[in-house]
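# Observations on the model geometry
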Amino acid sequence: MTASSTPWTGARRRVHMQEVGPRDGLQMESAFVPTADKIALIDALSAAGLAKIEATAFVSPQAIPALRDAEIVLREIARAPGVVYTCLVPNLRGAERAIEARADELNLVMSCSETHNLANLRMTRAQSFAALSGVIGLARQAGVPVNVSLSCVFGCPMEGDIDPAVVLEWAGRFMAAGARGITLCDTTGMAFPSQVSRIVGLFRQRLPAAELTLHFHNTRGMGLANVLASLDAGADRFDASLGGLGGCPYAPGASGNVCTEEIVHALELMDFDTGCDLALLLQAAARLPGLIGHEIPSQIAKAGRRLDLHAPPPDFALWRDRALARDA
């Protein structure tokens with residue numbers, strides 16, 4: 001494939017793939033994945049060349065028991081040079097725990113939808129901003145960078161569309177408070193490509209210094225299309241989840257996040273440089289069914305890569321010889 005053959009050709013443009021499965025994926029699972037298995041999974045992901053890995057969340061064990069081993073996981077993983085190990089923290093206590101466990105980055109969450117923020121976090125957006133501003137202050141004192149994930153950027157299942165001006169206002173306020181990066185999250189899979197392109201373009205114009213990440217779900221089958229629209233608008237960082245794990249309690253029946261190995265497979269075919277070893281990602285994905293007790297959504301894990309070829313059917317030689325005999 002050459003740069004002139006398709007508008008989607010990456011011409012080796014660098015794309016930073018950021019894995020959220022160990023947090024965003026496993027927190028949705030009813031089965032507790034043993035701590036040693038979590039550590040081994042993150043180590044396998046580190047070896048696969050991901051730019052960033054959201055390793056865990058420092059939340060109440062009662063709220064999310066699946067991640068009750070956060071300190072042990074973060075302290076015992078084998079940290080690969082150049083990989084950023086980030087953790088979700090909801091408050092000052094979570095931030096203190098994450099900093100003590102040597103998190104490379106803190107990831108904070110607030111919704112652009114007032115209704116969703118109240119339903120999910122039990123606070124108004126103003127209350128969330130005030131609390132998270134305190135977390136940013138603590139992180140800056142400790143020299144730990146902060147990313148803020150804004151939920152429901154592309155739509156709220158209770159409010160509908162969100163005005164992009166609202167998104168940009170909150171993003172700007174968090175950047176002014178000291179955040180290094182902003183993640184625009186399609187929390188319930190409501191995004192569509194032209195909308196994505198517009199919002200990414202507006203964000204780049206308004207906040208060019210922000211490290212911008214896009215976080216898509218594949219709820220309505222538009223995950224890859226939204227990634228491509230983002231790339232076309234200038235984005236180069238994407239969250240994804242191994243095996244396509246994940247979901248949201250406010251989107252009944254929703255599928256998970258865009259699948260890491262599917263996005264890497266597609267982008268590499270288009271000559272983007274993801275920095276990832278797809279074979280190692282597939283090996284890591286193959287571990288998941290045994291850990292979580294059910295199949296994973298990943299189509300690449302089921303069907304294989306595009307050029308993973310198969311042997312002809314057992315009677316192929318017989319029919320080939322008969323066909324050739326008719327021409328003799």
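Residues numbered from 1 in each chain as written. Predicted model: local features only at pLDDT ≥ 70, side-chain atom pairs only at ≥ 80, totals over all residues. Heavy atoms only, no water.

Another point: the overall build of the protein chain. A count of helical and extended segments in the protein chain gives 13 helices and eight strands. Expected size for 328 residues packed as a compact globule is a radius of gyration near 20 Å; at 21 Å, the protein chain falls within 12% of this value. Across its three principal directions, the C-alpha atoms of the protein chain cover 85 × 45 × 40 Å. Here the protein chain holds 328 residues, and 50% of them are scored as buried. By sequence separation, contacts in the protein chain at least 24 residues apart represent 74% of the contacts at least 6 residues apart. Looking at the protein chain as shown, the accessible area adds up to about 14,300 Å², and 55% of this sits on carbon and sulfur atoms. (Helix = DSSP H or I, 4+ residues; strand = E, 2+ residues; numbered from the N terminus. Rg over C-alpha atoms; globule rule 2.2 N^0.38 Å. Buried < 20%, exposed > 50% of the residue type's maximum accessible area, 1.4 Å probe, protein only. Contact = heavy atoms within 4.5 Å. Areas by Shrake-Rupley, 256 points an atom, 1.4 Å probe, with all protein chains shown as cover.)

Let us now look at the state of the cysteines. Counted by the stated rule, this structure contains zero disulfides. Here Cys112 stays unpaired: no disulfide links it, and the sulfur of Cys152, its closest cysteine neighbor, is 7.8 Å away. (Disulfide = S-S within 2.5 Å.)

This part covers the environment of Ile263. Position of Ile263 relative to the elements: it lies in helix H10 (residues 260-269). Owing to a relative accessible area of 4%, Ile263 belongs among the buried residues under this scheme. Through-space distance from the C-alpha of Ile263 to that of Thr274 is 9.4 Å; in sequence the pair is eleven residues apart. Residue contacts for Ile263: discarding those within four places in its chain leaves Met17, Leu224, Val227 and Val258.

As a further point, take the packing of helix H2 (residues 35-47) against helix H11 (residues 278-292). Two packed helices can be described by the angle between their axes and the distance between those axes. The contact between H2 and H11 brings their axes to 9 Å, and the two run at 165°. Considering their axes alone, H2 and H11 lie roughly antiparallel with respect to each other. Helix-helix and strand crossings are classified by hand; for H2 and H11 the assignment is left-handed. Residues Asp37, Ala40, Leu41, Ala44, Leu45 and Ala47 of H2 touch H11, and the partners they reach there are Leu280, Leu281, Ala284, Arg287, Leu288 and Leu291. (Axes fitted to C-alpha atoms, helices over the stretch in contact; angles between N-to-C directions. Parallel < 35°, antiparallel > 145°, perpendicular 65-115°, else oblique. Left-handed = near helix turned anticlockwise from the far one by under 90°.)

Checked against the element boundaries, Glu29 lands in the loop between helix H1 (21-25) and H2. Here Glu29 occupies a buried position and makes no salt bridge, while the nearest side chain of opposite charge, Lys38, is found at 11 Å. Among the polar contacts made by the side chain of Glu29, one reaches the side chain of His294 at a distance of 2.7 Å. (Lys, Arg positive; Asp, Glu negative; His and termini not counted. Salt bridge = Lys/Arg side-chain N within 4 Å of Asp/Glu carboxyl O. Polar contact = N/O pair within 3.5 Å; in protein donor to acceptor, adjacent residues only side chain to side chain.)

If you walk around this closed barrel you meet the eight strands as S1-S2-S3-S4-S5-S6-S7-S8, and the pairing is parallel. Neighbour-to-neighbour, the strand axes of the sheet open up by a mean angle of 25°, direction not taken into account. Where strand S7 (residues 211-215) lies against strand S8 (residues 237-240), two bridges are found, and the strand directions are parallel. Paired with Leu214 across the strands is Phe238, a residue of S8. (Pairing = 2+ DSSP bridges.)

As a further point, take the environment of Asn218. Among the structural elements, Asn218 can be located in the loop between S7 and helix H9 (223-232). Overall, Asn218 belongs to the partly exposed group, its relative accessible area being 30%. Contact partners of Asn218, with chain neighbours within four places excluded, come to Gly223, Leu224, Ser255, Gly256, Asn257 and Val258. For Asn218, the side chain forms a polar contact with the main-chain nitrogen of Met222, separated by 3.4 Å. Among the polar contacts listed, one links the side chain of Asn218 to the backbone nitrogen of Gly223, at a separation of 2.8 Å.

Phi at Arg102 takes a positive value of approximately 75°, unusual for a residue other than glycine. Arg102 sits in the partly exposed class, given a relative accessible area of 49%. In this structure, Cys152 takes a positive phi of about 60° despite not being glycine. Mapped onto the fold, Cys152 is located in the loop between strand S5 (146-151) and helix H7 (164-177). Look at Cys152 and you get buried, because its relative accessible area is 0%.

Attention now moves to the pattern of salt bridges. Applying the stated criterion across every chain, the model contains 16 salt bridges. Asp104 is the partner of Arg79 in a salt bridge, and the nearest nitrogen-oxygen pair spans 3.4 Å. A residue pair is termed long-range when its members are at least 10 positions apart, and Arg79 in the loop between helix H3 (70-76) and strand S3 (84-88) and Asp104 in the loop between helix H4 (92-100) and strand S4 (105-111) qualify at 25 residues. What makes Arg79 partly exposed here is its relative accessible area of 24%. Put simply, Lys52, Glu105, Arg180, Glu211 and Arg237 are held in one network by salt bridges that share partners.

The subject of this paragraph is the nonpolar core. Formed by 90 residues in total, the largest nonpolar core has its most connected members in Met17, Leu106, Phe174 and Leu184. Among the elements that make up this core, the one with the highest residue count is H11 (eight residues). Look past the residues within four positions of Leu184 in its chain and what remains in contact with it is Leu150, Val153, Phe154, Val167, Ile199, Phe203, Leu212, Thr213, Leu214 and His215. Membership of the second largest hydrophobic core comes to seven residues, among which are Ile64, Ala66, Leu88 and Val109. (Core = buried A, V, L, I, M, F, W, Y, C linked by side-chain atoms within 4.5 Å.)

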